[in-house]
Every structure is written in structure tokens, then in C-alpha cells.
Amino acid sequence: MKLKQLSLRLERAASYVPEGSRLADIGSDHAYLPCVLAVEGKIEFAIAGEIIEGPFRIAENQVERLKLQNKVVVRLGDGLNVLNPELDQISAITICGMGGALIATILDEGYRMGKLTGKERLILQANKDESDLRTWLIDHRYQIISEELIEENSKIYEIIVAEKSAESSVTFLAEDIAFGFHLRKERSLLFIKKWTNELAKNKQILVDLPKSSTDQSEKIQAFTIKIAAIEELLK
């Protein structure tokens, strides 16, 4: 089992896990990512967290099949609740393939339960609502150190890598939250494609809104502002 056997989106997420990490992979998708990193000797230890019994059993079987029980532990539980910070000493957390709002909720619940120490690198892969995730990170004094867009199976994923800032606050612009601290400066072809598609989608939503019988004035204003921001971005 090698890194190249992972899907592209998981392979790219794995590339941000520091060598020798103690990893927690939340919503572990058959424990593929931690198992590959363990087989290749790139991590010291990993927890694969699953919230549903079926995927939990599949992940357990995967770990047993690869004889990785001494390196990868599969735990059943909700989000970061599977962690014991004092005993596990986790240094990196991956949460991949979910909406940004859901990832932010997982982080927030873990934060309130004392499951985040602030020493972990967060490697987060969102398929929508990235601004919600960036807002949570900035509000909790995380510095976004890297971002990357990946397209797989006609779906665009965004990797956001964050570490706790030593500063009391993190400086940002509204554009950073909406479009990415690094992505909007790099302006890759995939970035342009994503926001060109978003512009068309939002324009269509704006056209359809007045057809509703209910008062849509606030929504119309919000979409008008969003469309203007995207048009400015793409200039």
C-alpha cells in the first residue's frame, strides 16, 4: 500500500502531514490515509475516527489486514471526541471530503470539549463553504499557512492547512476569507475555473429569486454583493 494508491485528494492531503506525526484522521474513509502513511513509515502513530459502526468495522478490518495494529488505532465516536489529548499527543489532524461548515462544527465541538491543544497542524479538505471554515480558524487564532485546490471526479476540493498563531489575533481581509489567503494571490487555472463557475451559478440564482412569492430582498442584496465581489476577483 503506497501513497500513490490513494485518491488524488487524499494523496494531496497526506502530503501536508509532517514526517513523524502522531495523526488523527477524522471521518477516516476506511482508514486509507493513516494506513498508507503508516506503511510508508511517515507517521509515528495514528487514530482513525469513525462515527458510524459500518465504516468503523471496515477500517478495523483494513488495519488488521495490513497488520498495523501497533501503529493505527480505529475508534468509534463523534468527531474529535475520539481523542484523549494527554495520552494521544496528537500533532496533526486531517478532516477530509466534507463541507467547510461541517468541518468547522467538528472543530468547534472539539475545541469546547478540550480536545484541541493548539499544538496540532490542521489539514482540512472542504468541498464547499470554505469561508465558514476560514472564519472559524481566524476567530480561534489559527494562521492559514497553505491552501490548494484539487479537482477529482468533476468536483473541486480545497485543502486548508492551519497552525495556531502565536499572535493574539490574525490579520485578514474579507477577500482572504471568501477566496483564500494564498489561492487568490496564486490565481491558478483551477481557481479561475472554480470562481467562473460560481459566478455563473450565483447569477442564475439571482435570476430565479424574484420568481418566489415570498419577499427575497435580503437574499437578492446578498447575492448581488457576492456577484460583484466575484466579478472584481476575476478582473
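All values derive from a computational prediction rather than experimental measurement. (Residues numbered from 1 in each chain as written. Predicted model: local features only at pLDDT ≥ 70, side-chain atom pairs only at ≥ 80, totals over all residues. Heavy atoms only, no water.)

Describing the packing of aromatic side chains
- If you walk through the whole model with that rule in mind, you get 3 aromatic pairs.
- Measuring from centroid to centroid gives 6.3 Å for Tyr111 and Trp136, while their planes differ by 85 degrees, and the two rings are edge-to-face. With Tyr111 in helix H5 (residues 100–112) and Trp136 in helix H6 (residues 130–139), this residue pair connects regions lying 25 residues apart in the sequence.
- According to the relative accessible area criterion, Tyr111 is partly exposed, its value standing at 40%.
- Seen from their ring centres, Phe179 and Trp195 are 4.7 Å apart, and the 85 degrees between their planes marks the pair as edge-to-face. Within this pair, whereas Phe179 is found in helix H7 (residues 174–179), its partner Trp195 is found in helix H9 (residues 189–208), the two being separated by 16 residues in sequence. With respect to class, Phe179 is no different from Trp195; both count as buried.
- Three or more aromatic residues link up through ring pairs in this structure, and these residues are Tyr111, Trp136 and Tyr142.
- In this structure, Arg9 packs its charged tip against the face of Tyr157, placed 5.2 Å from the ring centre. (Phe/Tyr/Trp six-rings, centres within 6.5 Å; stacked < 30°, edge-to-face > 60°. Helix = DSSP H or I, 4+ residues; strand = E, 2+ residues; numbered from the N terminus. Buried < 20%, exposed > 50% of the residue type's maximum accessible area, 1.4 Å probe, protein only. Lys NZ or Arg CZ within 6 Å of the ring centre and 35° of its normal.)

Comments concerning the side chain of Glu148
- If you trace the backbone, Glu148 turns up in strand E6 (residues 142–152).
- A relative accessible area of 15% means that Glu148 is categorised as buried.

Thoughts on the pairing of strand E1 (residues 21–26)
- Burial runs high along E1: 6 of the 6 residues are buried.
- Residues Ser21, Leu23 and Asp25 of E1 are buried on one face, and the alternating residues Arg22, Ala24 and Ile26, pointing to the opposite face, are buried as well.
- Note that E1 and strand E4 (residues 92–98) share 4 bridges and pair parallel. Considered in E4, the bridge of Asp25 is made with Thr94. (Pairing = 2+ DSSP bridges.)

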